[in-house]
Amino acid sequence: MADTGSGILDRVRGLSRTLFGPGGLLRPGPGAKTVALALQGGGSHGAFTWGVLDRLLEDERLAIESLSGASAGAVNAAVLASGYLAGGRPGAKDALARLWHSVGEVGRLSPLGSNPLAHLLGGEFGAWLTGGPMRALTRLASPYQLNPLDLNPLRSLVEELVDFERLRRSRKIRLFVSATNVHTGSPRVFTNRELSSDVLLASACLPTLHRAVEIEGAHYWDGGFSANPAIFPLVRHGRSEDIVIVHIDTQGHVGVPVTGHEITSRLERIMTNAPLIREIQMITDLRDLADPGSEIGRRFDSLALHHILPPEAMAQFESSSKLNTDLSFLGRLRDIGRTTASAWLAENFDKIGTGSAVNLEASLFAPQRGTGLAHGRA
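Residues numbered from 1 in each chain as written. Predicted model: local features only at pLDDT ≥ 70, side-chain atom pairs only at ≥ 80, totals over all residues. Heavy atoms only, no water.

### Quick notes on the overall build of the protein chain
Definition in use: Helix numbers and strand numbers start at the N terminus; a helix is a DSSP run of H or I with at least 4 residues, a strand a run of E with at least 2. To sort residues, take the accessible area from a 1.4 Å probe on protein chains only and compare it with the maximum for the residue type: under 20% means buried, over 50% means exposed, and anything in between is partly exposed. Any two residues having at least one pair of non-hydrogen atoms within 4.5 Å are treated as being in contact.
Helix and strand counts for the protein chain stand at 14 helices and 12 strands. Residue burial in the protein chain is summarised as follows: out of 378 residues, 50% are buried. Within the protein chain, residue pairs in contact and separated by at least 24 positions form 76% of the contacts whose partners lie at least 6 positions apart.

Structural data, given as structure tokens:
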């Protein structure tokens, strides 16, 4: 029997849904390459990641099939995915810009926000001006006393910018959001079908500033404490052989810290990166233990990790500046991120999907040899 007009139309619609996402081609076209993105957290330094994502979205040779994020990385991931589903690449870029401009506007009214003098002065005194008074206050009183109504401006931002219902239904972009279980200290990774504003607030919950977020009877703090970000979900559930990790902190540390401020800053950087380093080491060990002829063995053997690292110029920003939400500061970080991503694409795009990378151990341990963290392959 010949197809009716409505039957043909249904076929066309089905084919369109298969091939096209909103605003552009979902499947990679000729010469395009598919990657998964892993986004670290780091407070307002997540604006660096905004810049990186803004530049990557402009390159239509690159297709993003899944994202994993912690803290600010999780918020960036969810806003990007929601914006993409609504309006393609331009929609994702616009949503990220709206997010960070809104953060800057909210920060103008916050005691944690703008302090241009602090960043002009720099050093220990500048660091104290940025976050010292508030940090001292949080040692005397917890958010349960300082914020009895549990107000968090991030909630209204993500509820305005993220269509959680659409993300929960979507199979076009996979999302993995990590949070830390307060009771066990272990990470929990939330997937698309579990996403909500509570999940994002849990992933970005600094316990000295906000109350723990309760989800299904358990309480959660910032995901960066236990998985910053989670890599295993991208290995286990993703399809791409190339995982691009967008770092917040510079890698490798010269010299031994001797002042109280230097020691505290170094400790914060070490703790920020410890979960990621541990997970990369576990992937290395599992690769060595897996049967190379098994499905999981072949998966590990084909896996490539790539690293987009902040330039040395980012080292000038004290860890306390992660509380700075001055709009000009956020814009500066975005510009650094865009420049960094452009340089990374020029140097590394041809390596994606080819396996032309150093081994994963070099990816993990290169900073200890003083050569910087290069992109590596499992």
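### Re the packing of helix H3 (residues 72-107) against helix H13 (residues 327-348)
The description of two helices packed together rests on the angle between their axes and the distance between the axes. As a reminder of what qualifies: Orientation is described by lines fitted to C-alpha atoms, with helices fitted over the stretch in contact, and by angles between N-to-C directions that extend from 0 to 180 degrees. Gly counts as polar in this scheme, as do all residues outside two lists: the nonpolar Ala, Val, Leu, Ile, Met, Phe, Trp, Tyr, Cys and Pro, and the charged Asp, Glu, Lys and Arg.
Taken N-terminus to C-terminus, the directions of H3 and H13 make an angle of 145°; their axes are 8 Å apart at the nearest point. Contacts between H3 and H13 involve Lys93, Trp100, His101, Val103, Gly104 and Glu105 from the first element and Leu327, Leu330 and Arg338 from the second. When the residues that make up the contact of H3 with H13 are grouped by side-chain class, the tally is 4 nonpolar, 2 polar and 3 charged.

### A short note on the packing of H3 against helix H7 (residues 153-161)
Where we set the bar: Oblique is the label for any angle not covered by the other classes, which are roughly parallel (under 35 degrees), roughly antiparallel (over 145) and roughly perpendicular (65 to 115). Here a crossing is called left-handed whenever its near helix is offset anticlockwise from the far helix by less than a right angle, and right-handed whenever the offset is clockwise.
Their axes nearest at 9 Å, the elements H3 and H7 cross at an angle of 155°. Classed by the angle they form, the pair H3 and H7 counts as roughly antiparallel. Crossing geometry of H3 relative to H7 is assigned as right-handed. Contacts from Val75, Ser82, Ala95, Arg98, Leu99, Ser102, Val103 and Val106 of H3 reach H7 at Pro153, Leu154, Leu157, Val158, Glu160 and Leu161. Residues belonging to the contact of H3 with H7 are distributed by class as follows: 10 nonpolar, 2 polar and 2 charged.

### Quick word on the packing of aromatic side chains
The condition is simple: Put simply, two rings from Phe, Tyr or Trp (the six-membered ring, in Trp's case) pair if the centres are within 6.5 Å, and we call them stacked under 30 degrees between planes, edge-to-face over 60, tilted for the rest. Whether a charge sits over a ring comes down to the Lys NZ or Arg CZ being within 6 Å of the ring centre and within 35 degrees of the ring normal.
Counting across every chain of the model gives 3 aromatic pairs. Ring centres of Phe190 and Tyr220 lie 5.7 Å apart, and the angle between their planes is 75°; on these two criteria the pair is classed as edge-to-face. Taken together, the residues Phe190 in strand S6 (residues 187-191) and Tyr220 in strand S8 (residues 218-222) connect sequence positions 30 residues apart. The two residues Phe190 and Tyr220 agree in class, both being buried. Between the aromatic rings of Phe317 and Phe329, the centroid separation amounts to 5.2 Å while the plane-to-plane angle is 90°, which identifies the pairing as edge-to-face. Residue Phe317 is found in the loop between strand S10 (304-308) and H13, and its partner Phe329 is found in helix H13; the two are separated by 12 residues along the sequence. The pair formed by Phe317 and Phe329 is uniform in burial state, with each residue classed as buried. Across from the ring centre of Phe349, 4.7 Å away, lies the NZ or CZ of Lys33, which sits over that ring.

### Observations concerning the side chain of Asp222
Note that Asp222 resides in strand S8. With residues up to four places along the chain from it excluded, the contact list for Asp222 reads Ser71, Thr180, Ala202, Ser203, Ala204, Cys205 and Leu206.

### Section: the pattern of salt bridges
Threshold: The working definition used for a salt bridge is a side-chain nitrogen of Lys or Arg within 4 Å of a carboxyl oxygen of Asp or Glu.
Counted under the stated rule, the structure contains 17 salt bridges. Here Arg338 and Asp54 are joined by a salt bridge, their closest N and O atoms 2.5 Å apart. Of this pair, Arg338 sits in helix H13 while Asp54 sits in helix H2 (residues 46-58), placing them 284 residues apart in sequence. Several salt bridges share partner residues, and in doing so they unite Asp54, Glu58, Lys93 and Arg338 into one network.

### Quick notes on the confidence of the model for the protein chain
Put simply, the rule reads: Here pLDDT means the predictor's own confidence in every residue, given as a number from 0 to 100.
The pLDDT averaged across the protein chain works out to 81; a share of 74% of its residues lies at or above 70. When mean pLDDT is taken per element in the protein chain, H2 scores highest with 98 and strand S2 (residues 24-25) scores lowest with 35. In this model residues 1-6 is a low-confidence stretch, pLDDT under 50, and it forms 2 contacts with partners more than four residues away in sequence or in other chains. Segment residues 356-361: pLDDT under 50, and 21 contacts once partners within four positions in sequence are set aside and those in other chains are kept.

### As for the environment of Leu200
On the secondary structure map, Leu200 appears in helix H9 (residues 197-203). For the pair formed by Leu200 and Gly73, sequence separation is 127 residues and the distance between their alpha carbons is 9.9 Å. In contact with Leu200, not counting residues within four places along its chain, are Ala74, Val75, Ala78, Val158, Phe164 and Val177.

### Quick look at the pairing of S10
To keep it simple, the criterion reads: Strand pairing follows a simple DSSP-based rule, namely that at least 2 bridges must link the two strands.
Most of S10 is tucked away: 5 of the 5 residues are buried. The pairing of strand S9 (residues 242-246) with S10 spans 5 bridges and is parallel. Pairing of Val246 across the sheet is with Ile308, part of S10.

### Section: the environment of Glu279
Inspection of the secondary structure puts Glu279 in helix H11 (residues 260-289). For Glu279, a relative accessible area of 10% gives the class buried. Each C-alpha atom of the pair Glu279 and Pro229 lies 9.3 Å from the other, and the pair is 50 residues apart in sequence. Once you skip the residues sitting within four places of it in the chain, Glu279 turns out to touch Pro229, Ala230, Ile231, Phe232 and Pro233.

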